[in-house]
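Coordinates in review
One letter stands for each residue in the lines below.
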Amino acid sequence: MGARPRPIVYLGVRYPSIGWALGDILLENPTASDQQISELLDVEPGRVQYWRARAGIPEYRKRAENPYMKEERTP
């Protein structure tokens, strides 16, 4: 059995792992990069990248400002 992830605290809320905190962070800042998130949580960027990829969240360059609105392409 693998090691358990250490709890993460973000804005006074305690999360069981980075994966749980990602949703709240990205609601506030949908275009945050893995580096920016890692600085907020005081963890390595690779850990953020692992949890983001595991959750199926695209990297910051491929995310829209509002994930619920489609970007319209102009010809």
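Right above here is the structure, for reference.
A short tour of the structure in this document, coming up. Note on numbering: residues in each chain are counted from 1, in written sequence order. Totals for whole chains, interfaces and linings use all residues, but because this is a predicted model, local features are given only for residues with pLDDT of at least 70 and pairs of side-chain atoms are given and counted only at 80 or more. Side-chain numbers come from the whole structure's heavy atoms, not from hydrogens or water.

Secondary structure elements follow DSSP: runs of H or I of four or more residues count as helices, runs of E of two or more count as strands, with numbering from the N terminus. Each helix and strand in the chain was counted, giving 3 helices and 2 strands. Put simply, the chain runs from its N terminus to its C terminus through helices and strands in the order β-β-α-α-α. Any residue under 20% of the maximum accessible area for its type is buried, any over 50% is exposed, and the rest in between are partly exposed; the area is computed with a 1.4 Å probe on protein chains only. Counting over 75 residues, the chain shows a buried share of 29%. We get accessible surface area from the Shrake-Rupley algorithm with a probe of 1.4 Å; when it comes to residues, only the shown protein chains can shield them. With an accessible surface of roughly 6000 Å², the chain has 52% of that area assigned to carbon and sulfur atoms.

Below, the discussion takes up the packing of helix H1 (residues 18-28) against helix H2 (residues 34-41). Between the N-to-C directions of two axes lies an angle of 0 to 180 degrees, each axis being a line fitted to C-alpha atoms and, for a helix, fitted only over the stretch in contact. Closest axis-to-axis distance for the H1/H2 pair is 12 Å, and the angle between their directions is 110°. The orientation of H1 with respect to H2, classified from their angle, is roughly perpendicular. Residues Ile 18, Leu 22, Ile 25 and Leu 26 of H1 lie in contact with H2, whose contacting residues are Ile 37, Leu 40 and Leu 41. Throughout this entry, Asp, Glu, Lys and Arg are counted as charged residues, while Ala, Val, Leu, Ile, Met, Phe, Trp, Tyr, Cys and Pro are counted as nonpolar. The remaining residues, Gly among them, count as polar. Looking at the contact of H1 with H2 residue by residue, the classes come out as 7 nonpolar, no polar and no charged. Oblique is the label for any angle not covered by the other classes, which are roughly parallel (under 35 degrees), roughly antiparallel (over 145) and roughly perpendicular (65 to 115). For this analysis, residues touch if any pair of their heavy atoms sits within 4.5 Å.

The next subject is the environment of Ile 18. Among the secondary structure elements, Ile 18 is positioned in helix H1. Along the chain, Ile 18 and Ile 37 lie 19 residues apart, while their C-alpha atoms are 9.6 Å from each other. Once residues lying within four places of it in the same chain are set aside, the contact partners of Ile 18 are Ile 8, Leu 41, Val 43, Arg 47, Val 48 and Trp 51.

Moving on, we come to the environment of Ser 17. The residue Ser 17 is located in the loop between strand E2 (13-15) and H1 in this model. Here Ser 17 falls in the buried class, since its relative accessible area comes to 3%. Spatially, the C-alpha atom of Ser 17 lies 8.9 Å from that of Arg 4, the residues being 13 residues apart in sequence.

Think of it this way: side chains of opposite charge can pair up when their charged atoms draw near. Definition used for salt bridges: Asp or Glu carboxyl oxygen within 4 Å of a side-chain nitrogen of Lys or Arg. Within this structure, the stated rule accounts for 1 salt bridge. Residue Asp 34 is joined to Arg 52 by a salt bridge in which the shortest nitrogen-to-oxygen separation is 2.8 Å. With a gap of 18 residues between them, Asp 34 in helix H2 and Arg 52 in helix H3 (residues 45-54) connect regions that are remote in the sequence. Here Asp 34 falls in the buried class, since its relative accessible area comes to 15%. Residue Arg 52 is classed as buried on the basis of its relative accessible area of 9%.

Take the buried residues of types Ala, Val, Leu, Ile, Met, Phe, Trp, Tyr and Cys, join any two whose side-chain atoms come within 4.5 Å, and each joined set is a nonpolar core. In terms of nonpolar packing, the biggest core is built from 14 residues, with Ile 8, Ile 18, Ile 37 and Leu 41 touching the most fellow members. No other element matches the 5 residues that H1 contributes to this core. Sequence-distant contacts of Leu 41, defined by excluding residues within four places in its chain, comprise Ile 8, Val 9, Tyr 10, Ile 18 and Ile 25.

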